[in-house]
Amino acid sequence: DRQTAIGIDKLLRAADLADSNSALNLFIGEHFFRDGQTQIARTYLSRAHQASPDDVRVSLLLGLSCADDGDSAAAKELLANALERGGSCFAGHYGLGWVHMIENRWRKALSEFKRALEVRPSPEAHFALASLYYRLDRDELARRHLNKAIEMDSGYEEALQLLAVVYDRIGQPELARH
């Protein structure tokens, strides 16, 4: 909306004047992260990280932004650091799981996704595990986790689509249509 845009514009100008203001840069970075603009978010989150390198929240958001932008080395370092200093959290384990999965590091991905599920059982955690199991041709485990994801969120479109693909692959296309 217009007021938000005006407010963000003013905050951006303020951040240009005080680029070491960690709280301001974190606020702006988080705004752009939530808006899906991870490259812009990284700029402000990097500033916040330089000013407050021990801030777990900054490390976590910057790590997730790096992962979204395909910078897996930075993502792994930042997310592992956030988990080490801040303790186990869903976002950290979930983010690391996807980074490891993209790198075809199946065991590490499995371990992180399971930790994410332990920390916060959610449709997303079940979907992540199902995606990994699907890639490993472990269709029964993929199906089980997809059904759990759909039980938790009946409108989870990605889970419904992958479940249809799993049913097709195991020779039950009639179930894929339901």
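All of these numbers come straight from a predicted model, not from anything done at the bench.

Is there a simple way to think about the pattern of salt bridges in this case?
Counting across every chain of the model gives 11 salt bridges. The partner of Glu30 in a salt bridge is Arg34, with the nearest N and O atoms 2.7 Å apart. Taken together, the residues span about one helical turn, with Glu30 and Arg34 both in helix 2 (residues 22–34) at a distance of 4 residues. With relative accessibility at 13%, the residue Glu30 sits in the buried group. According to the relative accessible area criterion, Arg34 is exposed, its value standing at 66%. One salt bridge in this structure joins Asp69 and Arg42, with 3.7 Å as the shortest N-O distance. Here the residue Asp69 occupies a position in the loop between helix 4 (56–68) and helix 5 (72–86), and Arg42 occupies one in helix 3 (residues 38–51), the gap between them amounting to 27 residues. Relative accessible area serves as the criterion here: at 27%, Asp69 is assigned to the partly exposed category.

Looking at this structure, I do not really get the packing of helix 2 against helix 4. What am I missing?
For any two helices packed against each other, one specifies the crossing angle of their axes together with the interaxial distance. Put simply, helix 2 and helix 4 touch, their axes get as near as 11 Å, and they point 35 degrees apart. With respect to the hand of their crossing, helix 2 and helix 4 are arranged in left-handed fashion. On helix 4, the residues touching Leu26, Glu30 and Phe33 of helix 2 are Arg57, Val58, Leu61, Leu64, Ser65 and Asp68. Tallied by class, residues from the contact of helix 2 with helix 4 come to 5 nonpolar, 1 polar and 3 charged.

What exactly am I supposed to notice about the environment of Ser111 here?
Along the chain, Ser111 falls in helix 7 (residues 106–119). The spatial distance from the C-alpha of Ser111 to the C-alpha of Glu140 is 19 Å, given a sequence separation of 29 residues.

How should the packing of aromatic side chains be read in this particular structure?
What characterises a pair of aromatic rings is the spacing of the ring centres plus the angle enclosed by the ring planes. All chains considered together, the criterion is met by 6 aromatic pairs. Here the aromatic rings of Phe32 and Tyr44 are separated by 6.4 Å at their centres, their planes lie at 25 degrees, and the arrangement is stacked. Residue Phe32 is located in helix 2, and its partner Tyr44 is located in helix 3; the two are separated by 12 residues in the primary sequence. Judged on exposure class, the residue Phe32 and its partner Tyr44 are both buried.

What should I look at first to understand the environment of Glu124 in this one?
Turning to its location among the elements, Glu124 is positioned in helix 8 (residues 123–135). Residue Glu124 is classed as partly exposed on the basis of its relative accessible area, which comes to 32%. Each C-alpha atom of the pair Glu124 and Ala159 lies 8.9 Å from the other, and the pair is 35 residues apart in sequence.

Can you help me understand the nonpolar core in this one?
Across soluble globular proteins, nonpolar side chains show a tendency to be buried alongside one another. Core analysis: the largest hydrophobic core is formed by 26 residues, its most contacted members being Phe113, Phe127, Leu146 and Ala159. Mapped onto this core, the elements with two or more residues apiece are helix 6 (90–102), helix 7, helix 8, helix 9 (139–152) and helix 10 (157–169). Top contributing element to this core by residue count: helix 8, with 7 residues. Ignoring anything within four residues of it in the chain, the contact list for Ala159 reads Phe127, Leu146, Ala149 and Ile150. Counting residues in hydrophobic clusters, the runner-up holds 17 residues, among them Ile8, Phe32, Cys66 and Val99.

Thresholds applied
- Residues numbered from 1 in each chain as written.
- Predicted model: local features only at pLDDT ≥ 70, side-chain atom pairs only at ≥ 80, totals over all residues.
- Heavy atoms only, no water.
- Salt bridge = Lys/Arg side-chain N within 4 Å of Asp/Glu carboxyl O.
- Helix = DSSP H or I, 4+ residues; strand = E, 2+ residues; numbered from the N terminus.
- Buried < 20%, exposed > 50% of the residue type's maximum accessible area, 1.4 Å probe, protein only.
- Axes fitted to C-alpha atoms, helices over the stretch in contact; angles between N-to-C directions.
- Left-handed = near helix turned anticlockwise from the far one by under 90°.
- Contact = heavy atoms within 4.5 Å.
- Nonpolar A, V, L, I, M, F, W, Y, C, P; charged D, E, K, R; others polar.
- Phe/Tyr/Trp six-rings, centres within 6.5 Å; stacked < 30°, edge-to-face > 60°.
- Core = buried A, V, L, I, M, F, W, Y, C linked by side-chain atoms within 4.5 Å.

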